[in-house]
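Here are the chains, one letter per residue:
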Amino acid sequence: MGPVIGPLLGGLLTTYASWRWIFYVNVPFGCIGILAALRFVDDFHEEAVQRFDFAGFLMVGCGVALLQFGLENIGRPIIPVSATVLVLAASVLLLLAFGRYARRVVAPAVDLTLFRFRSFWVGTLAGGLCRVGLNGVPFLMPLMLQVGFGMSPVTSGSLTFVGSFGALLMRPLLSPLLRPFGFSVVLIGSAVVGSAAVAGFALMNADTPHWMIGVYVFLFGIVRSAQFMTSNTLSYADLPADKLSRATSLGGVLQQLSVSLGVSIAAMLLGLIAGETHVLTPERFHQVFLLTAIIPLISIPGFLYLRGEDGVQVSGHVRGIRK
């Protein structure tokens with residue numbers, strides 16, 4: 001719900017306070033999070049504490065940071081093209097180096113053995129790729145409404161906020177969907193429908209009635225939530241108890257990475273299409289939506305790797321698409 005609520009809160013803060021409060025607001029929310037953790041999270045310790053893998057942390061952290069920095073420079077460069085190529089190459093080399101390094105370490109910063117579990121890698125990697133395409137919408141939509149259509153931040157935020165109601169509606173519907181259809185059908189179906197929904201934003205223009213935009217965003221929120229909650233549930237469905245701690249940490253990082261990459265790729269495409277003029281017309285937003293809509297479809301081959309027994313104890317689905 002965060003990426004959907006954000007535009008409404010950001011619109012209110014920008015209009016009635018100051019754009020600086022978009023950053024200041026993290027302080028009270030952070031304090032609430034600290035108090036909630038102290039109150040509700042059990043404080044327990046493992047018998048044997050593993051030494052923190054600082055070298056692996058640096059390799060993964062720097063590799064991911066350089067990857068995102070390089071992608072954003074493609075659309076709106078602040079360094080030369082040759083330097084961007086070097087940045088992207090360095091990010092790939094760092095991540096590959098960590099892959100070799102992690103095999104020789106007892107407790108690496110990222111436990112790559114988790115990807116031996118099919119349900120985990122399908123849910124996090126294939127599901128994460130689908131997320132990248134769907135996560136570009138909360139970034140592109142408010143920009144198109146404000147810059148392309150000339151709406152105020154409050155109006156734009158109010159329309160995009162409607163998607164959170166779709167997410168709430170999807171939560172009680174997930175189990176009834178998984179029981180008859182299973183993970184594979186729901187994931188593939190939501191990827192296809194989600195791709196079509198992202199492309200559908202290209203049909204909007206400044207004359208589109210606000211109620212129609214709100215209804216469409218609401219429906220998109222349902223589809224987006226179906227994909228996200230299904231892949232989240234699948235990721236941990238078949239993991240043994242001793243792997244859950246590392247799996248939730250890695251899964252959480254990959255989810256956040258899919259959000260940032262979704263924004264970075266959408267911004268990169270927008271910058272490339274806008275060109276040197278940097279003029280953001282509705283037509284250019286439409287082109288970016290159509291290109292972004294391709295990404296969820298790329299995740300479908302990963303979902304096809306699922307077998308009938310994957311996640312069955314969670315979904316209750318007996319028949320799979322492949323035995």
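Computed from a predicted structure; not experimentally measured. (Residues numbered from 1 in each chain as written. Predicted model: local features only at pLDDT ≥ 70, side-chain atom pairs only at ≥ 80, totals over all residues. Heavy atoms only, no water.)

Brief notes about empty space enclosed by the protein
Tallied over the full model, the rule gives one cavity of 30 Å³ or more. Each pocket or cavity is described by its volume, and for the largest cavity that value is around 70 Å³. Lining the largest cavity are Gly123, Thr124, Gly128, Arg131, Ser231, Asn232, Ser235, Tyr236, Gly251, Leu254 and Gln255. Mapped onto the lining of the largest cavity, the elements with two or more residues apiece are α6 (118–134), α10 (210–237) and α11 (244–274). (1 Å grid on protein atoms, 1.4 Å probe; cavity = no way out; pocket = protein on both sides within 12 Å on 5 of 7 lines; lining within 4 Å. Points joined across faces, edges and corners; volume = space filled by probe spheres on them. Helix = DSSP H or I, 4+ residues; strand = E, 2+ residues; numbered from the N terminus.)

Brief notes about the packing of aromatic side chains
In this structure the tally under the stated criterion is 13 aromatic pairs. Here the aromatic rings of Phe120 and Tyr236 are separated by 6.4 Å at their centres, their planes lie at 55°, and the arrangement is tilted. Here Phe120 is found in helix α6, whereas its partner Tyr236 is found in helix α10, with 116 residues between them in sequence. Taken together, Phe201, Tyr216, Phe220 and Phe289 form an aromatic cluster joined through their ring pairs. Residue placement shows Arg131 over the ring face of Phe228; its charged tip is 4.4 Å from the ring centre. (Phe/Tyr/Trp six-rings, centres within 6.5 Å; stacked < 30°, edge-to-face > 60°. Lys NZ or Arg CZ within 6 Å of the ring centre and 35° of its normal.)

Quick notes on α6
Given a rise of 1.5 Å per residue, 17 residues ought to cover 24 Å, and the 23 Å separating the end C-alpha atoms of α6 matches this to within 8%. Within α6, 13 of the 17 residues are buried, which leaves the element mostly enclosed by the surrounding structure. (Expected span 1.5 Å × (residues − 1). Buried < 20%, exposed > 50% of the residue type's maximum accessible area, 1.4 Å probe, protein only.)

Some thoughts on the environment of Leu250
Position of Leu250 among the secondary structure elements: in helix α11. Distance in space between the C-alpha atoms of Leu250 and Cys130 is 17 Å, their sequence separation being 120 residues. Leaving out residues up to four positions away in the same chain, Leu250 has contacts with Val110, Asp111, Leu114, Phe115 and Phe120. (Contact = heavy atoms within 4.5 Å.)

Quick notes on the environment of Arg104
Examined against the element boundaries, Arg104 turns out to sit in the loop between α5 (81–102) and α6. Through-space distance from the C-alpha of Arg104 to that of Phe218 is 48 Å; in sequence the pair is 114 residues apart. Within the structure, the side chain of Arg104 is placed 3.5 Å from the backbone oxygen of Arg100, a separation counted as a polar contact. (Polar contact = N/O pair within 3.5 Å; in protein donor to acceptor, adjacent residues only side chain to side chain.)

Section: the packing of α11 against helix α12 (residues 282–292)
Direction vectors running N to C along α11 and α12 enclose 135°, while the axes themselves pass 9 Å from each other. Classified by the angle between their axes, α11 and α12 sit oblique to one another. With respect to the hand of their crossing, α11 and α12 are arranged in right-handed fashion. In this structure, α11 uses Ala266, Leu269, Leu270, Ile273 and Ala274 to contact α12, whose residues at the interface are Arg284, Phe285, Gln287, Val288, Leu291 and Thr292. Classifying every residue of the contact of α11 with α12 by side-chain character gives eight nonpolar, two polar and one charged. (Axes fitted to C-alpha atoms, helices over the stretch in contact; angles between N-to-C directions. Parallel < 35°, antiparallel > 145°, perpendicular 65-115°, else oblique. Left-handed = near helix turned anticlockwise from the far one by under 90°. Nonpolar A, V, L, I, M, F, W, Y, C, P; charged D, E, K, R; others polar.)

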